[in-house]
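Per-entry structural report
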Amino acid sequence: MTDTTSNQMWGGRFAAGPDAIMEAINASIGFDRRLAAQDIAGSRAHAAMLAATGIISDSDAEAMREGLLTVLSEIEEGRFEFSTALEDIHMNVEARLKAIIGDPAGRLHTGRSRNDQVATDFRLWVRDQLDATEAGLKALIGALLGQAEAGADWVMPGFTHLQTAQPVTWGHHMMAYVEMFARDLGRVRDARVRMNECPLGAAALAGTSFPIDREMTAKELGFDRPSANSLDAVSDRDFALEFLGAASICAMHLSRFAEELVIWSSAQFRFVALSDRFSTGSSIMPQKKNPDAAELIRAKIGRIFGANVALMTVMKGLPLAYSKDMQEDKEQVFDAADNLMLALAAMEGMVRDMAPQRAALEAAAGSGFSTATDLADWLVRVLGMPFREAHHVTGSLVAKAEAKGCDLPDLSLEEMQSVHGEIDASVYDVLGVHNSVASRMSYGGTAPEQVRAQIARWKEVLT
């Protein structure tokens, strides 16, 4: 078979043959250029340490420092020419540094490997994303607290199985998401503490014979300590997996809330009105206002889940220490981080802008026999009835109201007494939705007083 035929088999993009394919599969510069700032920060810290320990001269270290700052400015200003032939961000930066400062650039890699270099860069990047996620979560929680405070005593239906269950308050519902996203915030903070160890100086896998000072580089880069085992330092990506795990749980919470916003903004519910900033119209139906931002959050979450599974799959079969498989650790994390930040920002905007429709919420709160549990509790509390019997009596009253086409408060006293003769007029005090929510004074309950106490607690915690 001729070379020409062989090249045709590889396809047009790889017309140069196997060499082009190997370059394409081996190169990571197309995505790891996002690590440029972290790579240059790590190299600057490494150069300073090499000079401080006498491994390189102060003049070489100064040339490296200035040259690296020049490279960084070129990248930030869009003037840097990335080369696929140089494989990755580390070699691209080093090659450009050599072009700027000459021979001293060749000494920068003393006492380190690309293995510990990329592990350090990636940790720095993930740490930055954890910080950004924390900020995004705090902003979203702040928006939810604002909604909760405004509607701490507004009644709405609480649901189980998406069926009307008991009345709750709008503030209580908002505070449920505060609790969820606050746990996400805790996971993000925990992950940051756990991952804040510096791999730099682990070299390829066994450490180095040069008298480096790993404490110095760790401190310079804001790490709490150097990693304690050189094999582990270069060969695990559990810090990225922990970020993806926390991101996935947070994404699940975002998707659940997005689903509620889609339902609540529908014509059948009309619980909330979303702002025009986070909705679109229909190209053919002028009456439509579509909750596109919420729907896109709900859909994009799958990419975050997918990233978590993909990186787990990459790592699950790798023996120690480094394998080239680990080059596939970044794209998924980059994509997940981008989508998480976008979803957090969109959700915060929707929450701040959305207008709960108080009248619709209150009208729905009393429907579907939502105070049936209050009636059962009254039978137990006032008449001393065993709860199972009270449950049966209440079920009979619900059936009577259903047959009549009315709700429980609309039954006459005589109709109630036909089911159980000891029921008296005071029962109507518990059948109103406002009385129902006000009575739920147990810690964590929906009573407005409890909701306001939780709002105050979270405001204090988050300051």
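What you see is a predicted model, and the numbers here were worked out from it, not measured in a lab. Per chain, residue numbering runs from 1 following the sequence as it is written. In keeping with the predicted nature of the model, local features appear solely for residues at pLDDT of at least 70, side-chain atom pairs appear and are counted solely at 80 or more, and the whole-chain, interface and lining totals rest on all residues. Only hydrogens and water are set aside when side-chain values are computed; all heavy atoms of the structure are taken into account.

Right, let's get into the pairing of strand 2 (residues 163-169). Looking along a regular strand, one sees side chains alternate from face to face of the sheet. In this scheme, strands are said to pair when DSSP sees at least two bridges between them. Strands are runs of DSSP state E lasting at least 2 residues, helices are runs of H or I lasting at least 4, and numbering of each runs from the N terminus. As paired elements, strand 1 (residues 155-160) and strand 2 share six bridges and run antiparallel to each other. Bridging from a neighbouring strand, Gly 158 pairs with Gln 166 of strand 2. Connecting the antiparallel pair strand 1 and strand 2 is a turn made up of two residues, with His 161 showing a positive phi of about 60°.

Aromatic ring pairs are reported here in terms of the distance separating the ring centres and the angle at which the planes meet. Aromatic contacts are taken between Phe, Tyr and Trp rings whose centres are within 6.5 Å, Trp giving its six-membered ring; a plane angle under 30 degrees counts as stacked, one over 60 as edge-to-face, and the others as tilted. Within this structure, the stated rule accounts for 10 aromatic pairs. Taking 6.4 Å as the distance between ring centres and 45° as the angle between the ring planes, the aromatic pair formed by Trp 264 and Phe 271 counts as tilted. Judged by its relative accessible area of 2%, Trp 264 is buried. Pairwise contacts between aromatic rings join Phe 159, Trp 170, Trp 264, Phe 269 and Phe 271 into one cluster. We call a charge positioned over a ring when the NZ of a Lys or the CZ of an Arg lies within 6 Å of the ring centre and within 35 degrees of the ring normal. One Lys or Arg, Arg 127, reaches over the ring of Phe 223 and ends 4.8 Å from the middle of that ring. Under the scheme applied here, a residue whose accessible area is under 20% of the maximum for its type counts as buried, over 50% as exposed, and between as partly exposed, the area being computed with a 1.4 Å probe on protein chains only.

Note on geometry: axes are lines fitted to C-alpha atoms, helical ones only across the stretch in contact, with angles between N-to-C directions running from 0 to 180 degrees. One can describe the packing of helix 15 (residues 372-383) onto helix 16 (residues 387-404) by two numbers: an axis separation of 9 Å at closest approach and a directional angle of 135°. Between helix 15 and helix 16, the interaxial angle falls into the category oblique. Once helix 15 is placed against helix 16, the crossing between them reads as right-handed. Contact residues: Ala 372, Leu 375, Ala 376, Asp 377, Leu 379 and Val 380 in helix 15; Phe 387, Ala 390, Val 393, Thr 394, Leu 397 and Val 398 in helix 16. Angles below 35 degrees are treated as roughly parallel, those above 145 as roughly antiparallel, those between 65 and 115 as roughly perpendicular, and all remaining angles as oblique. Left-handed describes a crossing whose near helix is turned anticlockwise from the far helix through less than a right angle; right-handed describes the clockwise counterpart. Throughout, a residue-residue contact means that at least one pair of heavy atoms, one from each residue, lies within 4.5 Å.

Moving on, we get to the confidence of the model for the protein. Should the pLDDT be low somewhere, the predicted coordinates at that spot are not to be read in detail. Here the protein averages 91 in pLDDT, and 94% of its residues register 70 or above. Across residues 1-10, where pLDDT falls below 50, the model places nine contacts with residues more than four positions away in sequence or in other chains. Note: pLDDT gives the predictor's confidence per residue, expressed from 0 to 100.

Here we come to the domain arrangement of the protein. Accessible area lost upon the coming together of the parts is a frequently used measure of interface size. Along its sequence, the protein is carved into domain 1 (20-107), domain 2 (114-152 + 163-359) and domain 3 (367-462). Residue ranges assigned to the domains are those given by an automatic or database domain assignment. Measuring from the centre of the C-alpha atoms in domain 1 to the corresponding centre in domain 2 gives 29 Å. Contacts between domain 1 and domain 2 engage 24 residues on the former and 23 residues on the latter. Summing both sides of the interface, domain 1 and domain 2 together bury roughly 2,100 Å²; the carbon and sulfur share of this comes to 66%. On the domain 1 side of the contact with domain 2, Phe 31, Arg 34 and Gln 38 bury the most area, a combined 31% of that side's loss. For this document, the term salt bridge refers to a Lys or Arg side-chain nitrogen within 4 Å of an Asp or Glu carboxyl oxygen. Arg 114 serves as the salt-bridge partner of Asp 88, at 2.7 Å between the closest nitrogen and oxygen. Counted as a polar contact is a pair of N or O atoms within 3.5 Å, where, for protein atoms, one must be capable of donating a hydrogen and the other of accepting one, and residues adjacent in sequence contribute only when both atoms are in side chains. Where domain 1 meets domain 2, there are six residue pairs in polar contact (both at pLDDT 80 or more). Those elements that place two or more of their residues in the side of domain 1 that touches domain 2 are helix 2 (18-26), helix 3 (29-32), helix 4 (36-52) and helix 6 (89-101). Looking at the side of domain 1 that touches domain 2, the element that brings in the most residues is helix 4, giving 10 residues. Throughout this entry, Asp, Glu, Lys and Arg are counted as charged residues, while Ala, Val, Leu, Ile, Met, Phe, Trp, Tyr, Cys and Pro are counted as nonpolar. The remaining residues, Gly among them, count as polar. The class makeup of the residues in the side of domain 1 that touches domain 2 is 11 nonpolar, eight polar and five charged. Values labelled buried area give the accessible surface lost by two parts on being combined, using a 1.4 Å probe and summing over both.

What follows is about the side chain of His 420. Within the secondary structure, His 420 sits in the loop between helix 17 (413-417) and helix 18 (433-439). Residue His 420 is classed as buried on the basis of its relative accessible area of 16%. Aside from chain neighbours lying at most four places away, what touches His 420 is Leu 383, Met 385, Glu 389 and Val 393.

With an omega dihedral of 5°, the bond running from Leu 320 to Ala 321 counts as a cis peptide bond. Within the element layout of this structure, Ala 321 appears in the loop between helix 12 (292-315) and helix 13 (330-353). If you check the backbone angles, Glu 87 has positive phi at about 70° while not being a glycine. Locating Glu 87 in the fold gives a position in the loop between helix 5 (58-76) and helix 6. For Glu 87, a relative accessible area of 23% translates into the label partly exposed. In this structure, Arg 270 takes a positive phi of about 55° despite not being glycine. By relative accessible area, which is 53% here, Arg 270 ends up exposed.

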